[in-house]
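Understanding the architecture of this molecule
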Amino acid sequence: MGQEVRYRVRGGRPLSGTAFIQGAKNAVLPMIGAALLAAKGRTVLRNVPVIEDVYRALELAEHVGAKVAFHEAERTVVIDASGLNDPELAVLPAEIAARFRGSVLFVPALMHRTGRARIEGVGGCNLGSRNLDFHYRGFARLGAEVTEDPERNHINVEASRLRGGRLYLDTPSHTGTENLIMAAVLAPGTTVIEHAALEPEVLDVIAFLSAMGAKISGGGTGLITVEGVEELTAVEHTIMSDRIDAGVFAMTVAATGGEVSLVGANLDHLGVARWKLEQMGVGFSQEGAVLHVQRDPSVPLRPINAVTSPFPGFATDLQSPLMALATLAEGESYIHEAIYDGRFALADELNKMGAKIEVEGTRAIVHGSTNLRGAEVIAHDLRTGAALVLAGLVAEGETIVAPGYLVDRGHAQFAQRLATLGGDVERVTVS
Ligand SMILES: CC(=O)N[C@H]1[C@@H](OP(=O)(O)OP(=O)(O)OC[C@H]2O[C@@H](n3ccc(=O)[nH]c3=O)[C@H](O)[C@@H]2O)O[C@H](CO)[C@@H](O)[C@@H]1O
Ligand SMILES: C=C(OP(=O)(O)O)C(=O)O
């Protein structure tokens, strides 16, 4: 039997001090995919989070023919994609690709560099239905031939002649927008993408591609225009900070009470989450690159209503920690998960800890406040895992959260950073 990572948490200590917010998972993954578009030179990515999804993305980059080096201490990745030109290697194998969502972001580089791609699996958090039809339909509108091999459950993409086209997204898909931009940057002619995503990570990816020589306008407006160029150059880029990591830390301080400085966090990137936390009783102040978060533990948290929606709406990735926090608020909180149809697996786990959460479809009512008690709970996905660690930090007794791999997919040195703030959290490996 293999080894399993678990988080062991004991509650009761307020948090204080300084924590560093990592580089953004959802920006670095598309950038690793985008780095493969450069046929010459070495791309240097800085402020790279040391998370499992990055390891998987780098394994995938090597698998398709790039040379990569991850200098973890420097949080720097160097990618040389000059050797990526063998169509036989243009395969996203299930054993790597099915372990994270960002694998789909490799398809544009494979199309441009080798003329084809075979997708044997795409993973990511299990949150209900997560389609990729906008990606595949968009590639097809740009001239690719996309076929399904239902027997093997593979998607084959042949793309010898991509060209600009007019595209529309039914909902402003985050990776969908990034993927269609990456498919368009080297396609001759003009591509227009309507109803594009506005997330800060999408804008960081556009900044990175623009530095590489891409011609992209309209980022952040919902209507993006791309003029295809002939080649892109390898450049150096510093990844923006991770707003979800910052939100999880802010909510954890809100839960335990205390005062914490989050280095690198940007209040503007929290969107509506900032206003919701303020309504609950959390104080924020931004001082340059440092975000101060404080909550007076002697004042009860107020309940909250939240509906998830694309940026600048309440981020779905912060919905789980918000649910955990709402169990501590005095009164009834209402949460509507409007992005995913299966993102409430956390409710049962919190109920094991003494919470009172009722779920009906994509709506949940959290009855607070409850005194949480430690339990063995399941991290069904990345943010469920982080939310259960948050709950464990206020619960009486010991909480064990597993599998820890899912937390490690997206939060770097999570236990160490919380421990630095005074939290009693350990990451343990058991066989
Ligand atoms: C690696 C990465 O960046 N992951 C983030 C990205 O995921 P991801 O990019 O996969 O999420 P999307 O924005 O695409 O998904 C939003 C919704 O649109 C639907 N949809 C999407 C694409 C498609 O082709 N067809 C379709 O129907 C999905 O099923 C989902 O219900 O944005 C999500 C929403 O902010 C976040 O939770 C994820 O952390
Ligand atoms: C849903 C998430 O990630 P992914 O899209 O990578 O599964 C997340 O980051 O919470």
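Residues numbered from 1 in each chain as written. Chains lettered and ligands numbered in written order. Predicted model: local features only at pLDDT ≥ 70, side-chain atom pairs only at ≥ 80, totals over all residues. Heavy atoms only, no water.

An unreviewed UniProt entry annotates the protein as UDP-N-acetylglucosamine 1-carboxyvinyltransferase of Nocardiopsis alba. Check the Subcellular location (unreviewed entry) section of the UniProt entry for the protein; it says "Cytoplasm". Its UniProt record gives the protein the following Catalytic activity (unreviewed entry) comment, quoted word for word: "phosphoenolpyruvate + UDP-N-acetyl-alpha-D-glucosamine = UDP-N-acetyl-3-O-(1-carboxyvinyl)-alpha-D-glucosamine + phosphate". (UniProt positions renumbered as here; feature names shortened; annotations may be inferred.)

Read across the open sheet, the 4 strands follow the order S10-S11-S13-S12; overall the sheet is mixed. Of all the strands in the sheet, just strand S10 (166-168) and strand S12 (215-217) have a single pairing partner and so form its edges. Neighbour-to-neighbour, the strand axes of the sheet open up by a mean angle of 15°, direction not taken into account. In terms of strand pairing, strand S11 (residues 190-194) meets strand S13 (residues 223-227) through 5 bridges, oriented antiparallel. The partner of Ile193 across the bridge, within S13, is Ile224. (Pairing = 2+ DSSP bridges. Helix = DSSP H or I, 4+ residues; strand = E, 2+ residues; numbered from the N terminus. Axes fitted to C-alpha atoms, helices over the stretch in contact; angles between N-to-C directions.)

This part takes up the site of ligand 2. Taken together, Lys25, Arg101, Gly124, Cys125, Leu127, Arg130, Asp317, Arg343, Leu382, Arg383 and Arg409 form the complete shell of residues around ligand 2. Interatomic distance of 2.9 Å between a side-chain N/O atom of Arg343 and an oxygen atom of ligand 2. Between ligand 2 and Arg409 there is a distance of 2.8 Å, counted from an oxygen atom to a side-chain nitrogen or oxygen. Summarising the interface, the protein chains cover 94% of the accessible area of ligand 2, which totals 290 Å² for the free molecule. Residues of the shell around ligand 2, tallied by class, amount to 3 nonpolar, 1 polar and 7 charged. The two domains that each donate at least three residues to the shell around ligand 2 are domain 1 (4-22 + 241-430) and domain 2 (25-238). (Near = heavy atom within 4 Å. Polar contact = N/O pair within 3.5 Å; in protein donor to acceptor, adjacent residues only side chain to side chain. Areas by Shrake-Rupley, 256 points an atom, 1.4 Å probe, with all protein chains shown as cover. Nonpolar A, V, L, I, M, F, W, Y, C, P; charged D, E, K, R; others polar. Domains from an automatic or database assignment.)

The UniProt record marks Lys25 and Asn26 with the feature "binding site: phosphoenolpyruvate" (unreviewed entry), using the residue numbering of this structure. Inspection of the secondary structure assignment puts Lys25 in helix H1 (residues 25-35). Classification of Lys25 as buried rests on a relative accessible area of 8%. Among all residues touching Lys25, those that are not within four sequence positions of it are Pro30, Pro49, Ile51, Asp53, Asp242, Leu382, Arg383, Arg409 and Gly410. By the element assignment, Asn26 lies in helix H1. In this structure, Asn26 is in contact with His174, Glu178, Glu201 and Asp317, ignoring residues within four places of it in sequence. (Buried < 20%, exposed > 50% of the residue type's maximum accessible area, 1.4 Å probe, protein only. Contact = heavy atoms within 4.5 Å.)

Take the packing of aromatic side chains next. Going through the model one piece at a time under the given rule, you end up with 4 aromatic pairs. Here Tyr7 and Phe414 contribute two aromatic rings whose centre-to-centre distance is 6.3 Å and whose plane-to-plane angle is 70°, an arrangement assigned as edge-to-face. Here Phe414 lies in helix H14 (residues 414-420) and Tyr7 lies in strand S1 (residues 4-10), a separation of 407 residues in the sequence. Summarising the burial analysis for this pair, Tyr7 and Phe414 share the class buried. Ring geometry for Tyr55 versus Phe70: centroids 5.6 Å apart, planes at 50°, classification tilted. With Tyr55 in helix H2 (residues 52-63) and Phe70 in strand S4 (residues 67-71), the pair connects residues that are 15 residues apart, well separated along the chain. (Phe/Tyr/Trp six-rings, centres within 6.5 Å; stacked < 30°, edge-to-face > 60°.)

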